[in-house]
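Remarks on the overall topology
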Amino acid sequence: MSRNTEVFVIGGGPAGLSAAHVAAKLGAKTLLVDDSARVGGQLIKQTHRFFGSSNRDAGIRGITIADKLQQDIKDVAARLTVLENTAAVGFYHNKEAGILSQNAYERVTYQAAIVCTGATENSLTFENNDLPGIYGAGGVQTLMNVHGIRPGQKILMVGSGNIGLIVSYQLIQAGVEVVGLVEGMPTIGGYLVHASKIRRLGVPIHTSHTILKALGTDGVEGAVLCRVDEKFQPVPNTEFEIKCDCICLAVGLTPLIDLFQQAQCRMVHVGELGGLVPLHDSSMRTTNPDIFVAGDASGIEEATTAILAGRIAGARAYEAVHGKSAEADAIVAEAREELRTLRSGSTGERIRWGRERVLKEAGEC
Amino acid sequence: MTSLRIEKHPVLSFPERRTVKFYFEGKEYQGFEGEPIAAALHAAGIKTLRHSPQKNRARGFFCAIGRCSSCIMKVDGQINTMTCITPLKEGMQVKMQKGHGYIKP
Amino acid sequence: MLKNDGIITPEELAPVLPPPARLEKGPVAIIECLQDIPCDPCVSACPTKAIKMKEGITDKPLLDFDACTGCGLCIARCPGLAIFVINMKHTPGMAMVSMSHELLPVPEKGQEVTALDRAGKVLGKVKVVRVINPPAYDRTAVVTVEVPAGQVNNIRAIRV
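1. A look at the overall build of chain A
Helices and strands together make up the secondary structure of chain A, namely 9 helices and 21 strands. The globule rule puts the C-alpha radius of gyration for 365 residues at 21 Å, and the 21 Å found for chain A is close to it. Buried residues in chain A amount to 57% of all 365 residues.

Written as structure tokens, this is what we have:
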């Protein structure tokens, strides 16, 4: 069995939905596949209001933005086919890919592909880190905000980036007690307004601390924390126990890049972007000229930047099939300017550095 | 034990779903039709889904989106079923998988 | 310090506090947003255009205390839930603090709730004098509590 399309989008999170919408709206025959039962990616779990510019979705809850994106793709249904519960499993020669759904395998022939596979959660090394009750932050959000189930009664959060801070707040909203938040660095990693929100509700934030071990045999019953020095080494005699029945690890994400490697895209390791990412230019095109990237697979950032990068990739993928277009150019220019605004300021420094490094390397290859 | 199911939420509303019976290790439990098996077990207080093949350590789910394979169980006779993304059906038989499981050649 | 423990110190807070002369005139907003993050919904939320950002959305919001009427529309719009309105013009020795509330239960007017400071420390019991929770606020209720005047810059959360 095989399908033929012009623009093939892999991944239906904010980046993929935006890319598919733009490509189809401009006029490309588009196919979008997502391996979940429902498109929307991680956006469907974000109950909080988004930051950014009020010109684009700031102040609106992530779940509402997800609804908007889902409506957008319905609006272009004439040119866009969406297959849920369908995983893209391989790239082959001659612009062919393989997709698998409900044990049925199909080939897809495409002219341009946009890979928006997002990221996977990092784990953390500590004694008993495999106990039941130790979940990734995304796992906690899924259980809580999609399935309506609390991950526990008392949870310890590890990691003070935006995800750790936001999920802590969401846990409180779900009626879970957050017994503490642990952060190895001396300063809080995420936005300080997020930290203030949970601090004033009584959540202690232990910076310069780490988790040494989880306690329990059949499940989490507690944890042992200790202070760390500037070299992140445990400081002797500072251990203390904290009672909890669940530990949430919010210790970073790593881009999911298997498909790029299969397509023989050149990769580059950029710590600020979460690890290995496909080398790409400012049109989101990788070193494989038929393959574009957008969203966290291009470097860990946020939903707002994923939407904008998806729009750029969608526009350029359309052009790869149908030739240059003034409308596509306008979409790219607008998205680029919005990305520049979002990434400006001191909180955007790391991301700017990471993104610039990729573009520089792309220019040299 | 206070229920882990969220009855009311300040931002979200959860849809009405049909309650169904299912069996874990032969014992009867209840869950909502269509929710992931691992979620139904978690709501019933069951966090240990299997034991690791070599050191027999208790394992639960981790990523909840079908990526890490921590949640695999034997469901209706099928081993290696990722219970965090497999929807619950009336009468399902869920068992802890022993080790790597056995696939008939 | 805020960046170490999430608690704003009095020194860090001072620049966003209105002068005593303005406080005497009536309700006024305090925007406890002290970091350059890309965010600007407060600017468009204000009906008197009292909130400005010098250059781009990553600037810290600057509030013109005299243009601010203390209407509180910005409270529910702030994604960081970082805006409060204080009103010193109340019965002698008492003041009012309005804040966002996105937890259950949402309190009712007249109810007594527990007041918390920025460190989550219990400061005592306070009375709820107003609750606004219209559909336009998209599930962020704005709760106004009556507090001892001396605590008006400490009370920043409630437990219902």
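And the narrative resumes.
2. Quick notes on the overall build of chain B
A count of helical and extended segments in chain B gives 1 helix and 7 strands. Ordered by position from the N terminus, the helices and strands of chain B form the series β-β-α-β-β-β-β-β. For chain B, the C-alpha radius of gyration of 14 Å lies close to 13 Å, the compact-globule estimate for 105 residues. With the principal axes as the frame, chain B shows a C-alpha extent of 45 × 25 × 25 Å. The 105 residues of chain B split such that 38% are buried. Within chain B, counting contacts between residues at least 6 apart in sequence, those at least 24 apart form 40% of the total.

3. Overview of the interface of chain A and chain C
In this assembly, 36 residues from chain A lie in contact with 36 residues from chain C. Listing elements by their share of the side of chain A that touches chain C, those giving two or more residues are α4 (162-173), α5 (192-199), β13 (205-207) and α8 (326-342) of chain A. At 7 residues, α5(A) tops the list of elements feeding residues into the side of chain A that touches chain C. Looking at the side of chain A that touches chain C residue by residue, the classes come out as 14 nonpolar, 17 polar and 5 charged.

4. Digging into the packing of helix α1 (residues 14-26) of chain A against helix α2 (residues 62-75) of chain A
Residue and element names in this part refer to chain A. α2 packs onto α1 with a crossing angle of 30 degrees between their chain directions and a minimal axis gap of 9 Å. The pairing of α1 with α2 is recorded here as roughly parallel in orientation. By crossing handedness, the relation of α1 to α2 is classed as left-handed. Contacts from Pro14, Leu17, Ser18, Ala20 and His21 of α1 reach α2 at Leu69, Asp72 and Ile73. Split into classes, the residues belonging to the contact of α1 with α2 amount to 5 nonpolar, 2 polar and 1 charged.

5. Section: the domain arrangement of chain A
Residues and elements named next belong to chain A. Split by domain assignment, chain A resolves into domain 1 (2-120 + 253-364) and domain 2 (123-249). The C-alpha-based centres of domain 1 and domain 2 are spaced at 31 Å. Each partner contributes residues to the interface: domain 1 has 5 residues there, and domain 2 has 7 residues. Partitioned by chemical class, the residues of the side of domain 1 that touches domain 2 number 1 nonpolar, 3 polar and 1 charged.

6. Here's the deal with the pairing of strand β17 (residues 246-249) of chain A
Residue and element names in this part refer to chain A. The side-chain alternation of β17 yields two buried faces, one formed by Cys246 and Cys248 and the other by Ile247 and Leu249. Alignment of strand β10 (residues 134-136) against β17, held across 3 bridges, turns out to be parallel. Along β17, the bridge assignment pairs Tyr135 with Cys248. Bridge count for strand β11 (residues 154-158) against β17 is 4 bridges, and the pairing is parallel. Paired with Met157 across the bridge in β17 is Cys248.

7. Here we look at the sheet that holds strand β6 (residues 112-116) of chain C
Residues and elements named next belong to chain C. Spatial strand order, β1-β4-β5-β8-β7-β6-β9: 7 strands in an open sheet with antiparallel pairing. One side of each edge strand has no neighbouring strand; the edge strands of this open sheet are β1 (28-31) and β9 (157-159). In this sheet, adjacent strand axes meet at a mean angle of 40 degrees when their direction is disregarded. Taken together, the 5 bridges between β6 and strand β7 (residues 122-132) define a ladder with antiparallel strand orientation.

8. Concerning the nonpolar core
Residues and elements named next belong to chain A. Counting 191 residues, the largest nonpolar core has Ile114, Ile247, Cys248 and Ala294 as its most contacted members. Per element, the largest residue contribution to this core is 11 residues, and it comes from helix α7 (residues 303-322). Mapped onto the domain boundaries, this core takes at least three residues apiece from domain 1 (2-120 + 253-364) and domain 2 (123-249). Not counting residues within four places of it along the chain, the set of residues in contact with Cys248 comprises Tyr135, Ala137, Val140, Ile155, Met157, Val158 and Val167.

9. Points about α4(A)
All names here are of chain A. Taking 1.5 Å per residue, 12 residues should reach 16 Å; α4 reaches 16 Å between its end C-alpha atoms and fits that length. Among the 12 residues of α4, 12 are classified as buried, and the element is accordingly described as predominantly covered. Every buried residue belonging to α4 is among Asn162, Ile163, Gly164, Leu165, Ile166, Val167, Ser168, Tyr169, Gln170, Leu171, Ile172 and Gln173, and all of these are buried. Considering only its buried residues, α4 is in contact with α3 (137-146), β11, β12 (177-183), α5 and β17. Gly175 lies just past α4 and shows a positive phi near 90 degrees.

10. Some thoughts on unusual backbone geometry
Note the cis peptide between Leu104(C) and Pro105(C), where omega equals -5 degrees. Mapped onto the secondary structure, Pro105(C) falls in the loop between β5 (94-101) and β6. Despite not being glycine, Asp57(A) has its phi angle at roughly 70 degrees, a positive value. With respect to the helices and strands, the residue Asp57(A) is situated in the loop between β3 (30-33) and α2. A positive phi is found at Ser69(B), a non-glycine position, where the angle reads about 65 degrees. Mapped onto the secondary structure, Ser69(B) falls in the loop between β4 (58-59) and β5 (72-75).

11. Thoughts on the interface of chain B and chain A
Each partner contributes to the interface: chain B provides 26 residues, whereas chain A provides 24 residues. The element that contributes the greatest number of residues to the side of chain B that touches chain A is helix α1 (residues 37-43) of chain B, accounting for 3 residues. Taken together, the residues of the side of chain B that touches chain A sort by class into 15 nonpolar, 5 polar and 6 charged.

12. A few points about the sheet that holds strand β7 (residues 93-95) of chain B
All names here are of chain B. Across the sheet, 5 strands lie side by side as β2-β1-β7-β5-β6; this open sheet has mixed pairing. Both outer strands of the open sheet, β2 (27-32) and β6 (78-82), are each paired with one neighbouring strand and no more. With direction set aside, neighbouring strand axes in the sheet form an average angle of 40 degrees. Taken together, the 2 bridges between strand β1 (residues 19-24) and β7 define a ladder with parallel strand orientation. Residue pairing across strands places Tyr23 opposite Gln93, the latter belonging to β7.

13. Some thoughts on the environment of Gln78(B)
Here Gln78(B) is to be found in strand β6. Along the sequence, Gln78(B) and Ile103(B) sit 25 residues apart, while their C-alpha atoms lie 8.9 Å from each other.

14. Here we look at α2(A)
All names here are of chain A. Its 14 residues place the ends of α2 20 Å apart at the C-alpha level, agreeing with the 20 Å of an ideal helix rising 1.5 Å per residue. All of the buried residues along α2 are Gly62, Ile65, Ala66, Leu69 and Ile73. Seen along its axis, α2 keeps its buried residues to an arc of 105 degrees; they face one direction. Exposed residues lying more than 90 degrees from the buried face of α2 are Gln71, Lys74 and Asp75. Residues of α2 that are buried sit in contact with α1, β4 (80-83) and α7.

Calculation criteria
Residues numbered from 1 in each chain as written. Chains lettered and ligands numbered in written order. Predicted model: local features only at pLDDT ≥ 70, side-chain atom pairs only at ≥ 80, totals over all residues. Helix = DSSP H or I, 4+ residues; strand = E, 2+ residues; numbered from the N terminus. Rg over C-alpha atoms; globule rule 2.2 N^0.38 Å. Buried ≥ 20, exposed ≤ 12 C-beta atoms within 10 Å, placed from the backbone. Contact = placed C-beta atoms within 7 Å. Nonpolar A, V, L, I, M, F, W, Y, C, P; charged D, E, K, R; others polar. Axes fitted to C-alpha atoms, helices over the stretch in contact; angles between N-to-C directions. Parallel < 35°, antiparallel > 145°, perpendicular 65-115°, else oblique. Left-handed = near helix turned anticlockwise from the far one by under 90°. Domains from an automatic or database assignment. Pairing = 2+ DSSP bridges. Core = buried A, V, L, I, M, F, W, Y, C linked by C-beta atoms within 7 Å. Expected span 1.5 Å × (residues − 1). Arc of directions from axis to C-beta.

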